[in-house]
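# Per-entry structural report
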Amino acid sequence: MTPVRPLSVGVLGCADIAWRRVLPALAGAGETRVAAVVGRNPEKTRRFAERFGCAPVDGYAALLERDDVEAVYVPLPAALHAEWVERALLAGKHVLAEKPLTTDSARTGRLLALARERGLVLMENVMFVHHRQHAEVQRLIDGGAIGELRAFRAVFAVPERPAGDIRHVAALGGGSLLDMGVYPVRAALHFLGHGLEVAGATLHRPADREVDTAGSALLSTPEGVTAHLLFGMQHAYGAAYELWGSRGRIRVDRAFTPPADHEPVLLVDGPDGTERLVTPADDQVAGTVRAFARAARNGAAPPQDIVDCLRQAALLDRIRECAGV
């Protein structure tokens, strides 16, 4: 069998997540290669280019004009996604964009429609859904391990970032809802489906801040299964979810950003006590990159990804509305 040529990816922005996690995966997955990178700081751009063996480029638009770039990865601040995702699609490039895809559901819908019209893949980089531990959780639920599902709870919170961090800047799409809240919202969608509606929400913005630093939301399915979601960026670290059923409970810690070598432990509480299920280590970043490359080769993103992205954006909008922000 003739080997498939790696997908050639250009990088719009020299963000920390690109340096630590995504570019190593793009450079090492075998199905992709990093062709070029551009950032605001020429020195930082050169440092990225040297590490990942690609071309440093001067100017975002210049990268989109390159013939050796088939797709782009966009780790820019959230408020800049809509413009540069659109420009990349109009330039004929497939796009993997950091979450959230945009800062509101209307723009997200327009960009997904544009990608579909042009036969291109647009994927939001929500990496945890590509980790095998969540498929194992779903298998346990489907097998009746906890009986009928009654409730879901998820939290994603991180310690406070330095004062100059983009998460503190409203004009760049900062705030805890769009940065941390995406994780519990997407997890709720993943397990409870698209019928979720927001019953209530709160967002806390301190008087000395221009963005929300914490929040919570209560969601519910038409069948009455509730989802309590917590998120924030002035907290001790927490990334977990649990599913409560009529007969037991499944608890998952380090649920959203586990290292590639981490062996997740699922705690299954039942009538006879708690069972610890150790699941194999998995690299969710590499899994995401592979999924994107294969979708680009096939010329279409999985329909479920598109629907999940749209519904997630709508729920984030609704949480903001319910919180009065």
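One structure accompanies this document, and this report is about it. (Residues numbered from 1 in each chain as written. Predicted model: local features only at pLDDT ≥ 70, side-chain atom pairs only at ≥ 80, totals over all residues. Heavy atoms only, no water.)

### Focus on the packing of helix α7 (residues 176-192) against helix α9 (residues 303-322)
A pair of packed helices can be characterised by two numbers: the angle between their axes and the separation between those axes. Put simply, the rule reads: Fitting a line to C-alpha atoms yields each axis, with helices limited to the stretch in contact; the angle taken between N-to-C directions then spans 0 to 180 degrees. The way it works is that DSSP assigns letters per residue, a run of H or I at least four long becomes a helix, a run of E at least two long becomes a strand, and they are numbered from the N terminus. An angle counts as roughly parallel when it lies under 35 degrees, as roughly antiparallel when it exceeds 145, as roughly perpendicular when it falls between 65 and 115, and as oblique in every other case. Two helices that cross are described as forming a left-handed crossing if the nearer one is turned anticlockwise from the farther one by less than a right angle, and a right-handed crossing if clockwise. Contacts between residues were defined by any pair of non-hydrogen atoms, one from each residue, lying within 4.5 Å. Amino acids outside the nonpolar list (Ala, Val, Leu, Ile, Met, Phe, Trp, Tyr, Cys, Pro) and the charged list (Asp, Glu, Lys, Arg) are all regarded as polar, and Gly is one of them.
With their axes 10 Å apart at the nearest point, α7 and α9 run at an angle of 125 degrees to one another. Comparing their axes, α9 and α7 come out oblique. For the pair α7 and α9, the crossing hand works out as right-handed. Between α7 and α9, the residues in contact are Leu177, Leu178, Val182, Val185, Arg186 and Leu189 and Asp305, Asp308, Cys309, Arg311, Gln312, Leu315, Leu316, Ile319 and Arg320, respectively. Looking at the contact of α7 with α9, its residues break down into nine nonpolar, one polar and five charged.

### Structural notes on the packing of helix α1 (residues 16-28) against helix α2 (residues 42-52)
α2 packs onto α1 with a crossing angle of 40 degrees between their chain directions and a minimal axis gap of 11 Å. Classified by chirality, the crossing of α2 by α1 is right-handed. Residues Ala18, Trp19, Leu23, Pro24 and Ala27 of α1 pack against Arg47, Phe48, Arg51 and Phe52 of α2. Looking at the contact of α1 with α2 residue by residue, the class counts come to seven nonpolar, no polar and two charged.

### Observations concerning the side chain of asparagine 125
As a reminder, the rule being used: N or O atoms within 3.5 Å of each other form a polar contact, as long as, within protein, one can give a hydrogen and the other can take it, and as long as residues adjacent in sequence are counted only when both atoms are side-chain atoms.
Of note, asparagine 125 is situated in strand β6 (residues 122-125). At 2.6 Å, the side chain of asparagine 125 and the side chain of glutamate 98 are in polar contact. Setting aside its immediate chain neighbours within four residues, asparagine 125 contacts Val22, Tyr73, Leu96, Ala97, Glu98, Lys99 and Thr288.

### Here we look at α1
Side chains of residues three or four places apart in an α-helix project in the same direction, reflecting 3.6 residues per turn. Our working definition: Here the expected length of a helix is defined as 1.5 Å per residue gap, with one fewer gap than residues. The bend at a residue is defined as the angle formed between two axes, one fitted to the seven residues ending at that residue and one fitted to the seven starting there. Per-residue accessibility, obtained with a 1.4 Å probe over protein chains only, is compared with the maximum for each type, and a residue is labelled buried under 20%, exposed over 50%, and partly exposed between these values.
For α1, which comprises 13 residues, the first-to-last C-alpha distance of 18 Å matches the rise-based estimate of 18 Å (1.5 Å per residue) to within 8%. If you look at α1, its biggest bend is around 45 degrees, right at valine 22, and the proline proline 24 turns up within four residues after that. Every buried residue belonging to α1 is among Ala18, Arg21, Val22, Leu23, Ala25 and Leu26, and all of these are buried.

### Examining the sheet that holds strand β14 (residues 273-278)
Just so we agree on the cut-off: Any two strands with at least two DSSP bridges between them are considered paired.
As summarised here, the arrangement of the eight strands in space is β8-β9-β10-β7-β11-β12-β13-β14, forming an open sheet in which the pairing is mixed. Every other strand in the sheet has two partners, leaving β8 (197-204) and β14 as the edge strands with one partner each. Between one strand and the next, the sheet's axes are offset by a mean angle of 10 degrees, whatever the strand orientation. Sheet strands in contact with α9 are β8 and β9 (214-220), and its direction is about 60 degrees off that of β8.

### Regarding empty space enclosed by the protein
Selection criterion: Only protein atoms enter the calculation, which uses a 1 Å grid: trapped sets of points that fit a 1.4 Å probe without letting it out are cavities, open sets showing protein on both sides within 12 Å along at least five of seven lines are pockets, and any residue with an atom within 4 Å of a point is a lining residue. Grid points are joined across faces, edges and corners, and a volume is the space filled by probe spheres set on the points.
One pass over the full model with this rule turns up one cavity of 30 Å³ or more. In this structure, the largest cavity occupies an estimated 60 Å³ of space. Contributing elements (two or more residues each) for the lining of the largest cavity: α5 (105-117) and α9. Broken down by element, the lining of the largest cavity gets its largest block of residues, six residues, from α9. Grouping the amino acids of the lining of the largest cavity by side-chain chemistry returns six nonpolar, five polar and four charged.

### Things to note about the packing of aromatic side chains
How we decide: Centres within 6.5 Å are what make two rings of Phe, Tyr or Trp a pair, Trp counting through its six-membered ring; a difference in plane orientation under 30 degrees is then read as stacked, over 60 as edge-to-face, and the rest as tilted.
Throughout the structure, instances matching the rule amount to 14 aromatic pairs. Pairing tyrosine 183 with phenylalanine 256 gives two aromatic rings, centres 5.6 Å apart and planes at 45 degrees, and the pair type is tilted. In this pair, tyrosine 183 is assigned in helix α7 and phenylalanine 256 in the loop between β12 (249-252) and β13 (265-270), connecting sequence segments 73 residues apart. Aromatic side chains tyrosine 241 and phenylalanine 256 sit 6.3 Å apart centroid to centroid with 40 degrees between the ring planes, which places their arrangement in the tilted category. One end of the pair, tyrosine 241, is in strand β11 (residues 238-245); the other, phenylalanine 256, is in the loop between β12 and β13, and 15 residues separate them in sequence. Taken as a pair, tyrosine 241 and phenylalanine 256 share a single burial class, namely buried.

### Topic: unusual backbone geometry
Residues other than glycine predominantly adopt negative phi, and peptide bonds predominantly adopt the trans conformation. Cis rather than trans, the peptide bond between lysine 99 and proline 100 has omega equal to -10 degrees. Tracing the backbone shows proline 100 in the loop between β5 (94-98) and α5. Its identity as a non-glycine residue notwithstanding, arginine 254 has a phi of 50 degrees, on the positive side. Assessed through its relative accessible area of 38%, arginine 254 is described here as partly exposed.

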